[in-house]
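# Structural features, examined
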Amino acid sequence: MEADWDELYRILLPPGSSHDLPTPASTLAFDTRQELLWAGNEYGRVTSFNGPELRRYTSYRGHRAGDGPVKQFLFHERGVLSVAPTSVHFSSRRGLTIWHLEDAAIINLRCMSFMGKDQHHIIVAGVQSTILKIDVEKGRILDRIHTDYEYDMMKQSKYICAATTNGSINLLDVDNLRIVNTFSSNNIGISDMDAQNNYLVTCGWVSRAGGGPMLAGLANVYDLRAMMQLPPVPFHVGAANVQMHPKMSTTCILASQGGQMQVIDLMNANTVNLRQANVSSYITVLALAPSGEALAIADGEGNIHLWGSPNKVQFAEYQTAPLDWGDVPQPVVEMDVNTDIPFGSIGMPYYREQLLSAWSNSHVYEVGDLPPKLDAMVMKGTQQNEIGFWAPNPRKGQRNVVEKKRASEVSGNALAAPKFLSEKARTVEQQAEQDKEVEDLQDQLAETLFSNATKTDVPIMYRNVEIKYSRFGVDDFDFQFYNRTKFSGLETHIANSYTNSLLQLFKFIPLFRNLALQHTATSCLFDTCLLCELGFLFDTMEKAEGQSCQATNFLKTFSSIPQANRMALLEENSQGSPLADMIQAACRFLLAQIRDDYSRRSPSVNQFEQYLAVDALTSIQCVHCRNETIKPGGSYITDLIYAPSHSPSRGQRPFIPTFSQILKASVEVQTQTRGWCDKCRRYQQLATRKGVHKMPDIMMISTALKTAEARKYWAIPGWLPDSIGIVIDEGKFFCFEGEDLRLHIEKGLHVVKVYDLVGVVVDVTSSEHQKSHLASLINVDVFNNDGPMAANWHLFNDFLVRSLSKEDALTFPQSWKTPAVIAYQVSTARGQVDSTWKLNLDTSLLYNNWSINNRSPENCIMLDPKTEGPSAGTYIAIDTEFVSLQHQEIEIKADGNREVVRPTRLGLARVSVLRGAGREEGVPFINDYITIREDIVDYLTQYSGVAEGDLDPRYSPHNLVPLKVAYKKLWLLVNLGCIFIGHGLPKDFRIVNIHVPKSQVLDTVDLFYIKSRQRKLSLRYLAWYLLKEDIQQDTHDSIEDARTALRLWRKYEEFRDAGIVMPMLEEVYREGKKWGYKPPGETVTSDGNMTTRNGGTGDLLSVPPTAGFAGGSIIDGLETPDVGTSIPGTPRRQLGVARRLLDGFESPVP
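Residues numbered from 1 in each chain as written. Predicted model: local features only at pLDDT ≥ 70, side-chain atom pairs only at ≥ 80, totals over all residues. Heavy atoms only, no water.

Our working definition: UniProt positions are given in the numbering used here, feature names are shortened, and annotations may be inferred rather than shown by experiment.
You'll find the protein entered in an unreviewed UniProt entry as PAN2-PAN3 deadenylation complex catalytic subunit PAN2, with Gomphillus americanus given as the organism. Looking at the Catalytic activity (unreviewed entry) heading of the UniProt record, one finds this comment for the protein: "Exonucleolytic cleavage of poly(A) to 5'-AMP."

Take a look at the structure:
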């Protein structure tokens, strides 16, 4: 590649027809005899281009569209050979078919090559057990040669270099196809290779640590003359394609998927020439001309880039004959056609093939319907105008809306979303009974649909469930419609919520749940500790008792770990990876990450290893010298390995292995690979065997389903046992199930470790109208321990939770239900749900100030651990403030209706917690501002009191803490049994993502609420009316709001002790209606009179009197009588006494 090489021309690969979309080239090749560049696409179409301008020369369909992509070209003196998975095609360079071969022996072809030097015969091979020898002249199969290898690629040099699907390269004799030598590499697959003279260069895929394949950073080089491997060529960005230079035998061109090209001399790796191709997607094919003067690149968007020197561009080394262009069309002979000329004299063309006018159904498309005829009554009423006619609109439909007459494909079993909670609340009392009957009918219908499962269709309860949003956001969605059990589901409106199914499985493994909560109860404050977040989540789900929960904090921490992003575990970077592969990789990552989190607080990880780690050693032995190396081989998850089955002999039934046999082969995995032997000092065949010494109490298994044959095992009813037994004797692993397990337990010859099946994460492939998603099937009795053999299976489909039978849970139809992750737990730990962690809570965080910017909380006095330790029944007042992290997204439909596509997402910005009793009542002991890593779109300063810069550690004048510190303080208070007092707490708790039991919540919204009024009162109005205070004047302050809620609760206690709660509530609502449930625009002057905002004054009677009352208490130094029994009996007389006693006085609560 000379210095003046650059991109000369770029062309988009033309589609097959005007209705087709452009597709990327599946293969490229330069003609060896003509100035032509040939390209094939995935629909079997072959196209050629001439010269540096890439003028289109021929285009024809060499293979049927359903045959698959064109894999390779070979060039013969008579034409062009092309191969597709199910056919071989030979045509002239003008596109005329010479022969087309299809045969029953052709299953999945991938490559081909000439035999010998005369080019009379070719061989074709692929992912099949037969190599076909074909006569090029006649297009007939001459021989069918059995092979033990599956070939993916072929290149001819001194030998036919054939790459297998497992990453090795066989050198075949060009005359008799005998395997001369085999090169093995560390690659798991070959992405490209090329051979020239005595050298072979390959690039391929290697296994990524803990994940899928990735392009290797080294290109392997082999000497075909010495039959040895040479030092590899480094290419750190990952070599995807390679081409050997046809004239310079030791020069090759390597290319990455991103477009970086490297020209390198194999004998001198220091001579590197780097170039960058201008591709916006990725490179799919690289081809070098036989002359070495042109380079063609195909990218993922269907473009073909031609590189070369502007002064000398030549494709073929020697052009054998001039290129034959199409004939000039003859002029059309005009004929005078009239009624006197018989049709027989004109004649018809003679044809043998189907006419082009015989269009297939694939070329026929629906068009719009004919306009409807106008109504006769409308036509009668038309009147002439200056322009045309007009008539009155009959008003049969909305304006600018037409009826959709074509039936759309809608699933008949689709479950309609329930009404929003706000819509149900607006239902009038007169229709309450009627609505209840309708809801009962809807519930019965839903239950019928949920249980309507067939073996071919996806049952309704397994399908995707989506959250619908009203203008009140996700809080208005009726999650209870989907879950009537005591087990909480998880919501889906959060990024990376595909892990919900795995989190549910972890939660119902008692030992795993205990491990997480015991760790969470410690003093761990690491921001990225996933084990703490799991403990928080598990505790929230248990306290919710069936109410919907969300894994917001866990998923936020999970998304912030860089390794999760690098492993493509985040939905935004998954690039369309199958969900089953993602959840298996996520399980492997989470277990390894949790182990690291556990070791931070516990130097000894013995308990964690006992619960989750397979104690094993891996023996690596050289087959040649018998040198053996022992390495640790433990793991936290076992990948199942399915041995290929063999065709049974005649009269024999096919052998179907049991799950236990598959598990044994997977745990004691034995493989043979080629690797480096330290004793032989060369690459040798290495035998690897894993020996297990101890199995964990929790066994996590990845199904690793990749083949249709393995899926057939799972489709057998009862193939997955709900109980297995494991025996480890002298380093050997044995696994039993069913009757074998029962007999071994009865005999008692060995110690059998019995495991119960906890649950399975399944990948549900819904109908074509719905995307694939994950769900979990869990035997909750392993968690609850209702009996040694009890089975109570539940489906956890995100926030839809339903009970189902064991047979339904453990049946896996191939068409839509694929198991991905399985969990077993030792049966002796059944129901061992430990709650002692509550007795060992590390509460030091509540008594010490934590700050990331070395500030102290304003107006805050820390708790005294000796005298103010929170305990069960301790009253505390709380209020929180939030900022907006994402604006609401609204879609306006064609009919004008507005639908919320994505609600506003809020983030916790400030938490204030006050003492609710004692000498320091009303004094804060928590006043934290929370630093937020995400972008803040709106600080909501008018409602939150948080301004820009308040949450930035560089500029904030307030005490800043991480979200985990603020959350853990609240979590400790909840588990210590404190009673939370506040106004509108459910929404605050939901955004904070914590669940507080109802017995620990005193919400002034509910205390001062009459259900029949269907209106809840604001904190500002209640403070104005009951406390005679104006709050939230300029902005909100969480300390002020929490203190106001505390005083309102004290006021409510006074009303309750006096027995006048309901009369006072009626008065509050009556006066609220008069003032619009808002404080009027007056302020208090220095002389005690009320003045309006326009400067006027009024007497005290113009303002609703203070509706306060204290039975036997002291108000502003005046003692009031104890009227618990002497107050007049009627509500109106009660209010009169209360007004006379309390008019003009303040409440004693500070």
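## Side note on the overall build of the protein
Put simply, the rule reads: For the purposes of this entry, the term helix denotes a DSSP run of H or I that reaches at least four residues, the term strand denotes a run of E that reaches at least two, and both are numbered from the N terminus. Burial status follows relative accessibility: with a 1.4 Å probe on protein chains alone, a residue under 20% of its type maximum counts as buried, one over 50% as exposed, and anything between as partly exposed. Contacts are assigned to residue pairs that have any heavy atoms within 4.5 Å of one another. What sets the accessible areas is the Shrake-Rupley method with a 1.4 Å probe; for residues, cover comes only from the shown protein chains.
Counting its regular elements, the protein contains 23 helices and 57 strands. Across the 1150 residues in the protein, those meeting the buried criterion constitute 48%. Considering only contacts in the protein between residues 6 or more positions apart, those separated by 24 or more positions represent 61%. For the protein, the accessible area works out to roughly 58200 Å², and carbon and sulfur atoms hold 50% of it.

## Let's talk about the environment of S884
The residue S884 is located in strand 45 (residues 875-886) in this model. A relative accessible area of 2% places S884 in the buried class. In this structure the C-alpha to C-alpha distance between S884 and L908, which are 24 residues apart in sequence, comes to 9.1 Å. Contact partners of S884, with chain neighbours within four places excluded, come to T904, R905, L906, I936, V937, D938 and L940.

## Quick word on the UniProt feature "binding site: a divalent metal cation" (unreviewed entry) in the protein
The test is simple: Here a polar contact is taken to be a pair of N or O atoms separated by no more than 3.5 Å, where protein atoms must pair a possible hydrogen donor with a possible acceptor and residues adjacent in sequence count only if both atoms sit in side chains.
Per the UniProt record, "binding site: a divalent metal cation" (unreviewed entry) is found at D879, E881, D988 and D1041. With the annotated positions falling across 163 residues, the maximum pairwise C-alpha distance of 12.9 Å places them together in a single cluster. By relative accessible area, which is 5% here, E881 ends up buried. With near-sequence residues (within four places) excluded, E881 lies in contact with G907, L908, A909, R910, Y943, S944, V946, H1036, D1037, S1038 and D1041. By the element assignment, D988 lies in helix 18 (residues 985-992). Leaving out residues up to four positions away in the same chain, D988 has contacts with D879, T880 and F882. Looking at D988, its side chain comes within polar contact range of the side chain of T880, at 3.1 Å.

## Some remarks on the packing of helix 20 (residues 1019-1026) against helix 22 (residues 1061-1074)
Under the convention used in this document: Between N-to-C directions, angles cover 0 to 180 degrees, with each direction set by a line fitted to C-alpha atoms, over the stretch in contact for helices. These descriptions rest on fixed angle ranges, namely under 35 degrees for roughly parallel, over 145 for roughly antiparallel, 65 to 115 for roughly perpendicular, and the rest for oblique. Each residue gets one label: Ala, Val, Leu, Ile, Met, Phe, Trp, Tyr, Cys and Pro are nonpolar, Asp, Glu, Lys and Arg are charged, and the others, such as Gly, are polar.
Axis separation between helix 20 and helix 22 bottoms out at 11 Å; the angle between their running directions is 110 degrees. By the angle between their axes, helix 20 is roughly perpendicular relative to helix 22. Side by side, helix 20 and helix 22 meet where Y1021, L1022, Y1025 and L1026 of the first sit next to E1067, V1068, E1071 and G1072 of the second. When its residues are assigned to classes, the contact of helix 20 with helix 22 shows five nonpolar, one polar and two charged.

## As for the sheet that holds strand 6 (residues 72-75)
Here is the rule: For two strands to be treated as a pair, DSSP must find no fewer than two bridges joining them.
Spatially, four strands are ordered 6-7-8-9 in an open sheet, and the strand pairing comes out antiparallel. The outermost strands of the open sheet, each flanked by one partner alone, are strand 6 and strand 9 (97-101). Across the sheet, the axes of successive neighbouring strands diverge by a mean angle of 15 degrees, strand direction being ignored. Pairing of strand 6 with strand 7 (residues 80-84) involves four bridges; the strand directions are antiparallel. Each bridged residue has a counterpart across the sheet, and for F73 the counterpart in strand 7 is S82.

## Remarks on the packing of helix 6 (residues 530-544) against helix 7 (residues 552-560)
Test applied: Left-handed is the label given to a crossing in which the near helix is rotated counterclockwise from the far helix by less than a right angle, and right-handed is the label when the rotation is clockwise.
Packing of helix 6 against helix 7 leaves a shortest axis separation of 9 Å and a crossing angle of 165 degrees. Taken together, the axes of helix 6 and helix 7 lie roughly antiparallel to each other. Remark: the crossing between helix 6 and helix 7 carries left-handed chirality. Across the interface between the two elements, L530, E533 and L534 of helix 6 pack against N553, F554, T557 and F558 of helix 7. By residue class, the composition of the contact of helix 6 with helix 7 is four nonpolar, two polar and one charged.

## Digging into the pattern of salt bridges
We count it as follows: By salt bridge we mean one thing: a side-chain nitrogen of Lys or Arg within 4 Å of a carboxyl oxygen of Asp or Glu.
Counted under the stated rule, the structure contains 38 salt bridges. When the shortest N-O distance is used, the salt bridge between D527 and R933 registers 3.1 Å. Residue D527 is found in the loop between helix 5 (510-520) and helix 6, and its partner R933 is found in the loop between strand 49 (924-930) and helix 16 (941-944); the two are separated by 406 residues along the sequence. Residue D527 is classed as partly exposed on the basis of its relative accessible area of 32%. Notably, a salt bridge pairs R742 with E746, separated by 2.5 Å at the nearest N-O pair. In this pair, R742 and E746 are both assigned in helix 13 (residues 738-747), four residues apart and thus about one turn of the helix distant.

## Things to note about helix 12 (residues 708-715)
Here is the rule: To be clear, the arc concerns the directions from the helix axis to the C-beta atoms.
Within helix 12 the residues assigned to the buried category are A710, Y713 and W714. Down the axis, helix 12 shows its buried residues gathered within 95 degrees of arc, on one side only. In helix 12, the exposed positions that point more than 90 degrees away from the buried face belong to A708 and K712. Tucked into the core, helix 12 has its buried residues touching helix 11 (659-667) and strand 44 (817-826).

## Considerations on the pairing of strand 37 (residues 698-702)
Most of strand 37 sits out of view: five of its five residues are buried. Where strand 37 meets strand 44, five bridges bridge the pair, whose relative direction is antiparallel. Opposite I698, over in strand 44, you have Q825 as the bridge partner.

## So, the sheet that holds strand 15 (residues 160-164)
With respect to topology, four strands assemble into an open sheet ordered 14-15-16-17, the strand pairing being antiparallel. The open sheet has two edge strands, strand 14 (151-156) and strand 17 (179-183), and neither has a second partner. Sheet twist, expressed as the mean angle between neighbouring strand axes with direction ignored, is 20 degrees. Relative to strand 16 (residues 169-172), strand 15 is paired through four bridges, and the arrangement is antiparallel. Across the sheet, residue C161 finds its bridge partner in strand 16, namely L171.

## Quick word on the side chain of S666
Position of S666 relative to the elements: it lies in helix 11. Among the polar contacts made by the side chain of S666, one reaches the main-chain carbonyl oxygen of I662 at a distance of 2.7 Å. Those residues within four positions of S666 in sequence are excluded, and the remaining contacts are T638, D639, L640 and I641.

## Some details on the pairing of strand 29 (residues 303-308)
The buried fraction of strand 29 amounts to six of the six residues, a majority that puts the element mostly inside the structure. Burial of strand 29 is two-sided: the residues N303, H305 and W307 facing one way and the residues I304, L306 and G308 facing the other way are all buried. With six bridges joining them, strand 1 (residues 6-12) and strand 29 adopt antiparallel strand pairing. The partner of E7 across the bridge, within strand 29, is W307.

## Section: the packing of aromatic side chains
Note the cut-off: Side-chain rings of Phe, Tyr and Trp (the six-membered ring for Trp) are treated as a pair once their centres are within 6.5 Å; stacked means planes under 30 degrees apart, edge-to-face means over 60, and tilted covers the remaining angles. Charge-over-ring contacts are defined here by two conditions on Lys NZ or Arg CZ: a distance within 6 Å of the ring centre and an angle within 35 degrees of the ring normal.
Applying the stated rule across the entire model yields 44 aromatic pairs. Their ring planes at 65 degrees and their centres at 5.0 Å tell us that W714 and W719 sit as a pair that is edge-to-face. Ring centres 5.6 Å apart and planes at 10 degrees place the aromatic pair W837 and W971 in the stacked group. Linking W837 in the loop between strand 44 and strand 45 with W971 in helix 17 (residues 963-975), this pair joins segments that are 134 residues apart in sequence. Residue classification places W837 among the buried residues on the basis of a relative accessible area of 2%. What makes W971 buried here is its relative accessible area of 1%. Taken together, the ring pairs in this structure connect Y642, F659, Y713, W714, W719, F812 and Y824 into an aromatic cluster. We note K817 situated over the ring of F812; from NZ or CZ to the ring centre the distance is 5.2 Å.

## With respect to the nonpolar core
Where we set the bar: What makes a nonpolar core is a set of buried Ala, Val, Leu, Ile, Met, Phe, Trp, Tyr and Cys residues whose side-chain atoms join them at distances within 4.5 Å.
If you look at the biggest cluster of nonpolar residues, it comprises 155 residues, and the most contacted ones within it are F659 and M700. Top contributing element to this core by residue count: helix 9 (residues 579-601), with 12 residues. Sequence-distant contacts of F659, defined by excluding residues within four places in its chain, comprise L640, I701, W714, W719, L720, P721, I724, E737, I822 and Y824. Core analysis: the next-biggest nonpolar cluster, separate from the first, contains 30 residues, A1023, L1027, A1042 and Y1052 among them.

## Side note on the confidence of the model for the protein
For the record, the criterion: Residue-level confidence of the predictor is what pLDDT reports, using numbers from 0 through 100.
Scored by pLDDT, the protein comes out at a mean of 82, with 83% of its residues at no less than 70. The lowest-confidence element of the protein is strand 56 (residues 1114-1115), averaging 28 in pLDDT; the highest-confidence one is strand 51 (residues 979-982), averaging 96. Below pLDDT 50 for its whole length, residues 448-456 participates in 17 contacts with residues either more than four positions away or in separate chains. Counting contacts from residues 1082-1150, a segment whose pLDDT is below 50, to residues more than four positions away or on other chains yields 103 contacts.

## Regarding unusual backbone geometry
Phi is positive for N197, which is not a glycine, with a value near 55 degrees. Relative to the helices and strands, N197 resides in the loop between strand 18 (189-196) and strand 19 (199-207). Owing to a relative accessible area of 39%, N197 belongs among the partly exposed residues under this scheme. A positive phi is found at D798, a non-glycine position, where the angle reads about 60 degrees. Along the chain, D798 falls in the loop between strand 42 (793-797) and strand 43 (800-804).

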